[in-house]
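Read off the chains here:
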Amino acid sequence: MCSSDLTTVFDVEATADIAIVSLSDVKTQLGKRDTTNDDELRSYLLSASENIEAMCGPCAVRAFTERVTGRGRTAVWLSNTPVVSLTSLAPVYTWVTPLAVDDVTLDPDTGKITRVNRWCPFFGDYDVAYTAGRAVVPASMRLACMIIVQHLWDTRRGNIGSRGPAADETVTLPGWGYAIPNRAAELIGGNRRTMFVA
């Protein structure tokens with residue numbers, strides 16, 4: 001094999017910044033001033049933010065497009081809540097009845113979409129464009145994120161236990177790949193979203 005046959009493969013992260021707190025906030029929490037460990041701290045911050053969003057819904061307001069299936073149902077549900085606004089409901093197939101945003105009602109907390117004319121169920125698939133997230137991230141979610149990042153930082157450096165016995169109490173939440181401090185789990189708990197299965 002000659003060198004011209006070789007290719008370089010690399011991973012590219014998504015462009016959406018989902019960090020619940022800033023890197024600057026995290027560095028203040030840890031008492032860090034230099035930039036030596038910024039990449040490592042950023043990876044902890046994004047991991048904690050992704051997991052919190054998976055349990056609580058999007059924090060920053062951003063756009064989503066999601067396919068929903070009617071199958072004769074009277075309602076369909078969006079998976080990212082709280083929903084800020086609906087942009088469009090585009091039928092996937094030509095035989096599906098087109099719907100305008102004014103033809104449906106939305107429960108922003110649950111993501112439930114119903115037809116204004118409740119006698120007409122949803123048939124077929126729609127690509128729903130919408131925005132979801134929070135205008136202001138609750139302080140409890142911000143604090144939980146910083147506690148989790150600090151826990152990951154301390155664990156990596158072998159500092160766990162240096163802040164007393166309560167600092168060592170951890171729990172692994174469903175879907176998380178690592179344990180987090182109980183106090184962070186308790187802060188997240190009050191913001192967990194309700195999941196609906198249609």
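Residues numbered from 1 in each chain as written. Predicted model: local features only at pLDDT ≥ 70, side-chain atom pairs only at ≥ 80, totals over all residues. Heavy atoms only, no water.

Participant: Quick question: what am I supposed to make of the overall build of the protein here?
Facilitator: Per the secondary structure count, the protein includes four helices and eight strands. In the protein, the order of α-helices and β-strands from amino to carboxyl end is α-α-β-β-β-β-β-β-α-β-β-α. Counting the 198 residues in the protein, one finds 40% classified as buried. By sequence separation, contacts in the protein at least 24 residues apart represent 71% of the contacts at least 6 residues apart. Of the roughly 11600 Å² that the protein leaves accessible, carbon and sulfur atoms contribute 53%. (Helix = DSSP H or I, 4+ residues; strand = E, 2+ residues; numbered from the N terminus. Buried < 20%, exposed > 50% of the residue type's maximum accessible area, 1.4 Å probe, protein only. Contact = heavy atoms within 4.5 Å. Areas by Shrake-Rupley, 256 points an atom, 1.4 Å probe, with all protein chains shown as cover.)

Participant: Looking at this structure, I do not really get the environment of Thr87. What am I missing?
Facilitator: Examined against the element boundaries, Thr87 turns out to sit in strand β3 (residues 83-91). What Thr87 contacts, discounting residues up to four positions off in sequence, is Val101, Ala129 and Tyr130.

Participant: Looking at this structure, I do not really get the side chain of Arg134. What am I missing?
Facilitator: Tracing the backbone through its elements, the reader meets Arg134 in the loop between β6 (125-132) and α3 (139-157). An unpaired buried charge is present at Arg134: no salt bridge exists, and Glu53, the closest side chain of opposite charge, is 6.6 Å distant. Among residues more than four places away in sequence, those in contact with Arg134 are Cys56, Gly57, Pro58, Cys59, Ala60, Val61, Pro82, Met141 and Asn191. (Lys, Arg positive; Asp, Glu negative; His and termini not counted. Salt bridge = Lys/Arg side-chain N within 4 Å of Asp/Glu carboxyl O.)

Participant: Looking at this structure, I do not really get the pattern of salt bridges. What am I missing?
Facilitator: It is possible for side chains of opposite charge to pair when their charged atoms get near one another. Per the counting criterion, the structure on display carries six salt bridges. Glu40 is the salt-bridge partner of Arg156, the closest N and O atoms lying 3.5 Å from each other. With a gap of 116 residues between them, Arg156 in helix α3 and Glu40 in helix α2 (residues 38-56) connect regions that are remote in the sequence. Between Glu53 and Arg62 there is a salt bridge, and its shortest N-O distance comes to 2.7 Å.

Participant: Explain the sheet that holds strand β2 (residues 75-77) here, please?
Facilitator: Backbone-to-backbone hydrogen bonds join strands into a sheet, with any given pair of strands oriented parallel or antiparallel. Spatially, three strands are ordered β2-β5-β4 in an open sheet, and the strand pairing comes out antiparallel. Two strands close off the open sheet at either side, each with one partner strand: β2 and β4 (104-107). Averaged over all adjacent pairs, the angle separating strand axes in this sheet is 25 degrees, with direction ignored. As defined by bridge partners, β2 adjoins strand β5 (residues 112-115) across three bridges and the pair is classed as antiparallel. (Pairing = 2+ DSSP bridges. Axes fitted to C-alpha atoms, helices over the stretch in contact; angles between N-to-C directions.)

Participant: Hey, could you run me through a nonpolar patch on the surface in this one?
Facilitator: Judged by side-chain polarity, Tyr93, Trp95 and Phe123 come together as a nonpolar surface patch covering roughly 390 Å² of accessible area. Among the structural elements, Trp95 can be located in the loop between β3 and β4. Of the residues examined, Trp95 reaches a relative accessible area of 60% and is grouped as exposed. (Patch = residues over 30% accessible without salt bridge, like charges linked within 9 Å, V, L, I, M, F, W, Y side chains within 5 Å.)

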